[in-house]
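Below are the chains, spelled out letter by letter.
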Amino acid sequence: MEIYKVNKITEADYGCEDTGREDPTALLFLASENDGTEKRVELSERIISKRGIDEGKKVCFAGNGELLKYIRVVAAVIREKNKVFATARGYGEYKGWWEFPGGKIETGETPEQALVREIREELTAEISVKDYIKTLEYDYPDFHLSMDCFWSEVVGGELVLKEAEAARWLSKDELLSVKWLPADMELIDIIRRELDE
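Keep in mind that this is a model prediction, so the values were computed, not measured. (Residues numbered from 1 in each chain as written. Predicted model: local features only at pLDDT ≥ 70, side-chain atom pairs only at ≥ 80, totals over all residues. Heavy atoms only, no water.)

1. Overview of the nonpolar core
Logical step 1: One finds Phe100, Trp180 and Ile191 to be the most contacted residues of the largest nonpolar core, which totals 27 residues.
Logical step 2: When residues of this core are traced back to their parent elements, those giving at least two are strand E5 (67–80), strand E6 (83–88), strand E9 (126–139), strand E10 (143–156) and helix H4 (188–196).
Logical step 3: Leave out the neighbours within four places in its chain, and Trp180 touches Ala86, Trp97, Trp98, Glu99, Phe100, Leu170, Leu175, Met185 and Ile188.
Logical step 4: Judged by nonpolar contacts, the second largest core, of twelve residues, contains Tyr4, Ala26, Val41 and Ile47. (Core = buried A, V, L, I, M, F, W, Y, C linked by side-chain atoms within 4.5 Å. Buried < 20%, exposed > 50% of the residue type's maximum accessible area, 1.4 Å probe, protein only. Helix = DSSP H or I, 4+ residues; strand = E, 2+ residues; numbered from the N terminus. Contact = heavy atoms within 4.5 Å.)

Here's what the structure looks like:
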């Protein structure tokens, strides 16, 4: 997948007479994170605003060719014996949907460092990050999510909900008893196989 940085956004019709467009468009100047090659894309200002695309942010092209904001996060599959810990989102469009806890990677952090910090901030506990599971790539309607997932275990403190509205320890047979966020759902088969061992 090609990731781009938005270097500049200008009016698409700058210097031209009024086009009479009902939906004003903007011109995005993109630079590839891989090799610096440049690309220009015209996009509706309404869509740019809705998707949170802005100068200095990262974007990528979805499978259908749509330009989406690119968000990179980490998730902890916290395991205790034959169960894993899941939380129900307490805010936003997907409020009440279930996910594996985690969050965004800050500048200068490794995914593992980000995961330790995020769990401390969201759940107050200290975790040890174990094996890498996989990176999930998922196109939501307004953004592309790239999520590095790791097995983890609690090594200090208690899991206290600070942002989530609920939490559960789920056994293999209970994994499908909650409504998972679409990206997190892609982990369920892997987790079920692991809990068999």
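Moving on from the coordinates now.
2. Looking at the packing of aromatic side chains
Ring pairs (aromatic) are described by centroid distance and by the angle formed between their planes.
Logical step 1: Applying the stated rule across the entire model yields eight aromatic pairs.
Logical step 2: Seen from their ring centres, Tyr94 and Trp97 are 5.1 Å apart, and the 85° between their planes marks the pair as edge-to-face.
Logical step 3: According to the relative accessible area criterion, Tyr94 is buried, its value standing at 15%.
Logical step 4: For the ring pair Tyr132 and Phe150, a centre distance of 5.6 Å and an interplane angle of 65° mean the geometry is edge-to-face. Separated by 18 residues along the polypeptide, Tyr132 in strand E9 and Phe150 in strand E10 bring together distant segments of the chain.
Logical step 5: Judged by relative accessible area, which is 4%, Phe150 ranks as buried.
Logical step 6: Connected via pairs of aromatic rings, a cluster forms that spans Tyr94, Trp97, Tyr138, Tyr140 and Phe143. (Phe/Tyr/Trp six-rings, centres within 6.5 Å; stacked < 30°, edge-to-face > 60°.)

3. Observations regarding the pattern of salt bridges
Logical step 1: According to the stated counting rule, one finds 14 salt bridges in the structure shown.
Logical step 2: Across the pair Arg79 and Glu194 runs a salt bridge whose closest N-O atoms are separated by 3.5 Å. Here Arg79 is found in strand E5, whereas its partner Glu194 is found in helix H4, with 115 residues between them in sequence.
Logical step 3: Accessibility expressed as a relative area gives 24% for Arg79, which makes it partly exposed.
Logical step 4: According to the relative accessible area criterion, Glu194 is partly exposed, its value standing at 26%.
Logical step 5: Among the charged side chains, a network of salt bridges with common partners joins Glu106, Glu109, Arg117, Glu118 and Glu121. (Salt bridge = Lys/Arg side-chain N within 4 Å of Asp/Glu carboxyl O.)

4. Notes on the environment of Lys95
Logical step 1: Mapped onto the elements, Lys95 comes out in the loop between E6 and strand E7 (98–99).
Logical step 2: Reaching out from Lys95, the side chain makes a polar contact with the side chain of Glu165 at a distance of 2.7 Å. (Polar contact = N/O pair within 3.5 Å; in protein donor to acceptor, adjacent residues only side chain to side chain.)

5. Section: the side chain of Glu122
Logical step 1: Within the element layout of this structure, Glu122 appears in helix H2 (residues 111–123).
Logical step 2: Here Glu122 occupies a buried position and makes no salt bridge, while the nearest side chain of opposite charge, Arg117, is found at 7.4 Å.
Logical step 3: In this structure, Glu122 is in contact with Pro101, Gly102, Val160, Leu161, Lys162 and Glu163, ignoring residues within four places of it in sequence. (Lys, Arg positive; Asp, Glu negative; His and termini not counted.)

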